[in-house]
Amino acid sequence: LIFNTLVLAQSISIISPTEGDTLIKGSTYNISWQKPSFADNGSLVQISIFKYYDNNRRGLKSFASMDSTSYNWTVPYDYTATPDGYSSWSFKIYIFYQNASGSGIGDGEVNVVIIDDTTAPTVTSVSSTADNGTYGIGSVVPITVTFDESVIVTGAPQLTLETGDTDAVVNYSSGSGSSILTFNY
């Protein structure tokens, strides 16, 4: 006696981003979805980012994870919205589930818009992680500059601190790719 089991493909509900959301190049977004009820332990999730033009699809990025329901993705700066010869691209996030035996059990997709970030980051605060107090020669005091969005550092930025008759120039230390940069004084 042989039994065959037919698994019907389910539509995967993508929680975020939602249809038509605008994603900004260089920013990180959480792609999240609801796991299909047929998924078993060891299910493989394939997440693909496609761009479309004139009914042609071009794959940009594809990655997979085991038995997951979210993935943090940073939109690359080289994703262009207006390629030569075409008026615009449309971008699609596609999620495909297969169970441990390799059978496809569900998929889902959402269309998004990817744009350049044309607004300069704004400083929201400047502080230090060091306690208030007196520090001697050779002590390091980290100065943190917080922005309203992630920033990419190029070159060798410096801060000028008002320290009396002679101002101090402080070199950048760390934080590129995040919203908090550290300068060590």
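Placed above this text is the structure.
This report concerns the structure included in the present document. (Residues numbered from 1 in each chain as written. Predicted model: local features only at pLDDT ≥ 70, side-chain atom pairs only at ≥ 80, totals over all residues. Heavy atoms only, no water.)

1. Brief notes about the environment of serine 43
Here serine 43 is to be found in the loop between strand S4 (28-33) and strand S5 (44-53). Here serine 43 falls in the buried class, since its relative accessible area comes to 0%. Sequence separation between serine 43 and asparagine 99 is 56 residues, and the spatial gap between their C-alpha atoms is 4.3 Å. (Helix = DSSP H or I, 4+ residues; strand = E, 2+ residues; numbered from the N terminus. Buried < 20%, exposed > 50% of the residue type's maximum accessible area, 1.4 Å probe, protein only.)

2. Quick notes on the sheet that holds S4
One open sheet holds the three strands; their spatial order is S2-S4-S7, and the pairing between them is antiparallel. Each edge of the open sheet is held by one strand with a lone partner, namely strand S2 (14-16) and strand S7 (70-74). Between one strand and the next, the sheet's axes are offset by a mean angle of 25 degrees, whatever the strand orientation. One ladder, built from five bridges, connects S4 with S7; its direction is antiparallel. Paired with serine 32 across the bridge in S7 is serine 70. (Pairing = 2+ DSSP bridges. Axes fitted to C-alpha atoms, helices over the stretch in contact; angles between N-to-C directions.)

3. Focus: the packing of aromatic side chains
The full count for this structure, using the stated rule, is one aromatic pair. Between tyrosine 172 and phenylalanine 183, the ring centres sit 5.9 Å apart and the planes meet at 75 degrees, which makes this aromatic pair edge-to-face. Here phenylalanine 183 lies in strand S14 (residues 180-184) and tyrosine 172 lies in strand S13 (residues 168-174), a separation of 11 residues in the sequence. With a relative accessible area of 23%, tyrosine 172 lands in the partly exposed category. Given the relative accessible area of 4%, phenylalanine 183 is considered buried. (Phe/Tyr/Trp six-rings, centres within 6.5 Å; stacked < 30°, edge-to-face > 60°.)

4. Side note on the pattern of salt bridges
Proximity of charged atoms lets side chains of opposite charge pair with each other. Overall, the coordinates contain one salt bridge when judged by the stated rule. Glutamate 109 is the salt-bridge partner of lysine 92, the closest N and O atoms lying 3.1 Å from each other. Here glutamate 109 lies in strand S9 (residues 104-115) and lysine 92 lies in strand S8 (residues 90-98), a separation of 17 residues in the sequence. For glutamate 109, a relative accessible area of 46% gives the class partly exposed. (Salt bridge = Lys/Arg side-chain N within 4 Å of Asp/Glu carboxyl O.)

5. Some thoughts on unusual backbone geometry
That bond from serine 16 to proline 17 is cis: its omega, -5 degrees, falls within 30 degrees of zero. By the secondary structure assignment, proline 17 is in the loop between S2 and strand S3 (22-24).

6. Here's the deal with the sheet that holds strand S11 (residues 142-147)
If you walk across this open sheet you meet the five strands as S10-S11-S14-S13-S12, and the pairing is antiparallel. Every interior strand has two partners, whereas the edge strands, strand S10 (123-128) and strand S12 (158-161), have only one. Here the strands of the sheet are splayed against their neighbours by 30 degrees on average, with no regard to which way each runs. Taken together, the five bridges between S10 and S11 define a ladder with antiparallel strand orientation. If you follow valine 123 over to S11, its bridge partner there is phenylalanine 147.

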